[in-house]
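Examination of the molecular architecture
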Amino acid sequence: MKKIANVLVRYRLYFFIASVALAVACAFLIPQVTINSDQTKYLAKDSAMNKGLEIVQKEFPAIKLPDSFQIMFEGLTPSERTEIFEELQEFEGVSAVTYEEGSPEHNTKTFTMYIVQADGEKVDALIASMKEAYEEEHPVYTYYAGGYLDVLDRLIPMAVTIGVIVLLLLCKSYFEPVLLLASIGVAVLINMGSNVIFESVSDMTFAIAAVFQLVLSVDYSIMLMHRYEQEYDLLGRTNKKKAMRNAIVNAFGSIASSSLTTIVGLLVLLFMSFTIGADIGLVISKGVFFSLVCVFTVMPTLILWFDELVFKLNKDNLKKRRQLKEGGAENAG
């Protein structure tokens, strides 16, 4: 392990450049990943539902089962409810709209709900066009069971924000979260772009993979960072490279065993009869592996580059400097 650590530290810049270059290449590959929103693809072959679908497709091959979503409006008058019902049927891509005037299943005192059947390939665009057409006049709410990609735009920023707050509270330095997120960001890009190796990835997997990878692997970078700080302090803060080599050697066992446990746990999903488990397990376990690799190829370079800034923004050091400053001001007074 010492020889490997020597190689990782000595040639750290090459490893860093290679990892970042791979991440950039994978970022361009992300749009090329085939996203599957048909959840029936993951049904077990011997399930009753799958057998029924096979019979339908065999006997009626020209029939395409419509996709559907719910759209709900707030504050419509009785005349507006009928008017919007007729207008929704005119949108391109709509095959049918279900609505019963006066029915409690579709109407309350405040809300009106329509069930729209549409071409599955156009559902996301159709929902967006409907909301754009009506939301200025009335609050509009939609629900689409297959719309996991819509969640992605809100989920990732929210998860990153929460992650940054938690890291700021737990890390010893205010600059540590920047390095941790940078390292994991490289791993996330590599993982998402490398999904092109699969025939397709479910929209659910695509939506949650980055967040799960962040949550499951951020502690690897934290472990290396804190181990480096301990080794550097033991050396009297005089030899960064030696401290990093010692940190890699001493932290490798803990990091590797933690990641291996996580990967094995995710790969157990391969045995689910609902095969979306295999889809999720393969993608996220691959992401954890790339996070492990980036901890030892990206993180050492970042730590050695920004060590002084991390130390300068250390919470304890900032507190001591503030106390000294306040004490000096009191003595001067």
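Sequence positions are assigned chain by chain, starting from 1 and proceeding in written order. Local features are withheld for residues below a pLDDT of 70 in this predicted model, meaning they are given only at 70 or higher, and side-chain atom pairs are given and counted only at 80 or more; totals for whole chains, interfaces and linings count all residues. The basis for every side-chain value is the complete set of heavy atoms in the structure, and neither hydrogens nor water enter the calculation.

Quick notes on the pairing of strand β2 (residues 67-74)
In short, DSSP must find at least two bridges between two strands for them to pair. The numbering of helices and of strands both runs from the N terminus, where a helix is a DSSP run of H or I of at least 4 residues and a strand a run of E of at least 2. Here β2 pairs with strand β4 (residues 111-118) via eight bridges, running antiparallel. The residue bridging aspartate 67 from the neighbouring strand is alanine 118, located in β4. Note that β2 and strand β5 (residues 140-143) share four bridges and pair antiparallel. Across the sheet, phenylalanine 73 pairs through a bridge with valine 140, a residue of β5.

Some thoughts on unusual backbone geometry
In this model, arginine 237 sits at a positive phi of 55°, which is unusual for a non-glycine residue. Mapping arginine 237 onto the fold places it in the loop between α8 (203-234) and α9 (240-267). The exposure class assigned to arginine 237 is partly exposed, which follows from its relative accessible area of 26%. For the exposure calls, accessible area comes from a 1.4 Å probe over protein chains only, and a residue counts as buried if that area is under 20% of its type's maximum, exposed if over 50%, partly exposed in between.

Quick look at the pattern of salt bridges
Every case where a carboxyl oxygen of Asp or Glu lies within 4 Å of a side-chain nitrogen of Lys or Arg is listed as a salt bridge. Under the criterion given, the structure shown has five salt bridges. Residue aspartate 233 pairs with arginine 237 through a salt bridge whose shortest N-O separation is 3.1 Å. The structure contains a network of salt bridges with shared partners spanning Asp233, Arg237, Lys240, Asp307 and Glu308.

Points about the side chain of threonine 297
Tracing the backbone shows threonine 297 in helix α10 (residues 276-297). Pairs of N or O atoms within 3.5 Å make up the polar contacts considered here, provided that, within protein, one atom can donate a hydrogen while the other can accept it, and that residues adjacent in sequence are counted only when both atoms are side-chain atoms. Among the polar contacts made by the side chain of threonine 297, one reaches the main-chain carbonyl oxygen of valine 293 at a distance of 2.9 Å. Among residues more than four places away in sequence, those in contact with threonine 297 are Arg12, Phe15, Phe16 and Ser19. Any two residues whose heavy atoms approach within 4.5 Å are treated as being in contact.

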